[in-house]
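Residue-level listing of the chains:
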Amino acid sequence: YRPVASWGYSPAEQQALFGLAIPRQAQTETEERMRSGEEAIAIHASLLSSQPWGTSLTEKNVQTQIHLALRRGQDIIGRHVCGYFRRTEISLRHLRIAQGLSQLASFALANANLFEELQQANRIKADFLATMSHELRTPLNIILGYTGLLLEGMFGALTEDQRSPLHRVDDSAKNLLALITDTLDISRLETGQMPIDLRAFDL
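Let us look at the structure shown here. (Residues numbered from 1 in each chain as written. Predicted model: local features only at pLDDT ≥ 70, side-chain atom pairs only at ≥ 80, totals over all residues. Heavy atoms only, no water.)

Bringing the pattern of salt bridges into the picture now. Under the definition given, this model contains three salt bridges. The closest approach of N and O atoms between Asp170 and Lys174, which form a salt bridge, is 3.0 Å. One end of the pair is Asp170 and the other is Lys174, both in helix 6 (residues 160-190) and four residues apart, which spans about a single turn. Since its relative accessible area comes to 47%, Lys174 is described here as partly exposed. (Salt bridge = Lys/Arg side-chain N within 4 Å of Asp/Glu carboxyl O. Helix = DSSP H or I, 4+ residues; strand = E, 2+ residues; numbered from the N terminus. Buried < 20%, exposed > 50% of the residue type's maximum accessible area, 1.4 Å probe, protein only.)

Moving on: the pairing of strand 3 (residues 75-84). Two elements, strand 2 (residues 64-72) and strand 3, share nine bridges in a ladder whose sense is antiparallel. Note on strand 3: the bridge partner recorded for Ile66 is Cys82. (Pairing = 2+ DSSP bridges.)

Attention now moves to a nonpolar patch on the surface. Judged by side-chain polarity, Ile142, Tyr146, Leu149, Met154 and Phe155 come together as a nonpolar surface patch covering roughly 540 Å² of accessible area. As for its placement among the helices and strands, Tyr146 is situated in helix 5 (residues 92-151). (Patch = residues over 30% accessible without salt bridge, like charges linked within 9 Å, V, L, I, M, F, W, Y side chains within 5 Å. Areas by Shrake-Rupley, 256 points an atom, 1.4 Å probe, with all protein chains shown as cover.)

Now for the packing of helix 5 against helix 6. One way to put it is that helix 5 packs onto helix 6 with a least axis distance of 9 Å and a crossing angle of 155 degrees. In terms of orientation, helix 5 and helix 6 fall into the roughly antiparallel class. At the point where helix 5 passes helix 6, the crossing takes the left-handed sense. Looking at the contact of helix 5 with helix 6, its residues break down into 17 nonpolar, seven polar and seven charged. (Axes fitted to C-alpha atoms, helices over the stretch in contact; angles between N-to-C directions. Parallel < 35°, antiparallel > 145°, perpendicular 65-115°, else oblique. Left-handed = near helix turned anticlockwise from the far one by under 90°. Nonpolar A, V, L, I, M, F, W, Y, C, P; charged D, E, K, R; others polar.)

Our focus in this paragraph is the side chain of Ser102. Following the sequence through the fold, Ser102 ends up in helix 5. For Ser102, a relative accessible area of 3% puts it in the buried group. When residues no more than four places from it in sequence are discounted, the contact partners of Ser102 are Leu68, Ala69, Leu70 and His80. (Contact = heavy atoms within 4.5 Å.)

This brings us to the pairing of strand 2. Among the nine residues that make up strand 2, eight are buried, leaving the element largely enclosed by the rest of the structure. Linking strand 2 to strand 3, which pair antiparallel, is a turn of two residues; within it Gly73 sits at a positive phi near 65 degrees.

Our focus in this paragraph is the environment of Ile43. By the secondary structure assignment, Ile43 is in strand 1 (residues 40-44). With relative accessibility at 4%, the residue Ile43 sits in the buried group. The sequence separation of Ile43 and Gly83 amounts to 40 residues, and the corresponding C-alpha distance is 9.1 Å.

With 60 residues, helix 5 extends 86 Å between its outermost C-alpha atoms, agreeing within 8% with the 88 Å of an ideal straight helix rising 1.5 Å per residue. Of all the residues in helix 5, the buried ones are Ala98, Ser102, Ala105, Ser106, Ala110, Ala126, Leu129, Ser133, Leu140, Leu144, Thr147 and Leu151. Those residues of helix 5 hidden inside the fold are in contact with strand 2, strand 3 and helix 6. Residue Gly153 follows helix 5 closely and has a positive phi angle near 80 degrees. (Expected span 1.5 Å × (residues − 1).)

This part is about the environment of Thr191. Structurally, Thr191 is set in the segment after helix 6. On the basis of relative accessible area, Thr191 is assigned to the partly exposed category, the value being 43%. Considering only alpha carbons, one finds Thr191 and Arg123, 68 residues apart in sequence, at a separation of 9.0 Å.

Honestly, that's just the spatial picture; any functional story needs more than this.
Structure follows, in structure tokens:
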């Protein structure tokens, strides 16, 4: 989070908001409590001042902090930290607001992670399709080439019994090549690399 607005604070207190940070290594105790099931943990000034990382907060008149778990399923993926400059007690209403924000933040982070995973899966799929299509086209073109040479009699005359199955092989290979080409076109469309053929024609 980055503070963008506040209400009821002096300019000095507002400025202090922008400099607040707690090192991750100092958060192991609250993290363990969150893993054991606590959703919201209040830390008052007396406890803050006893922590090496809490001195800078109490110097800025932070009286109370509340740490809320950001979760994806049962996993903790982050924390939402709120604080009061002048209050030592956290009202139930403010706690509910903070918990609501934490739930929204959890959903937003989870959705962002899912979106990244989906993009990665799409890239893998596109790479796979392109590689597979390329690797299949090469031997298929060889099959079509030799089948065409055989049908043209380049290796000697063929009987009708020989020509009939070769025609079937040729037709099946051409159908498969068309399918592979369509698959490659889908990959090009998804990556925005599909060339457009612009020309006039008689409708």
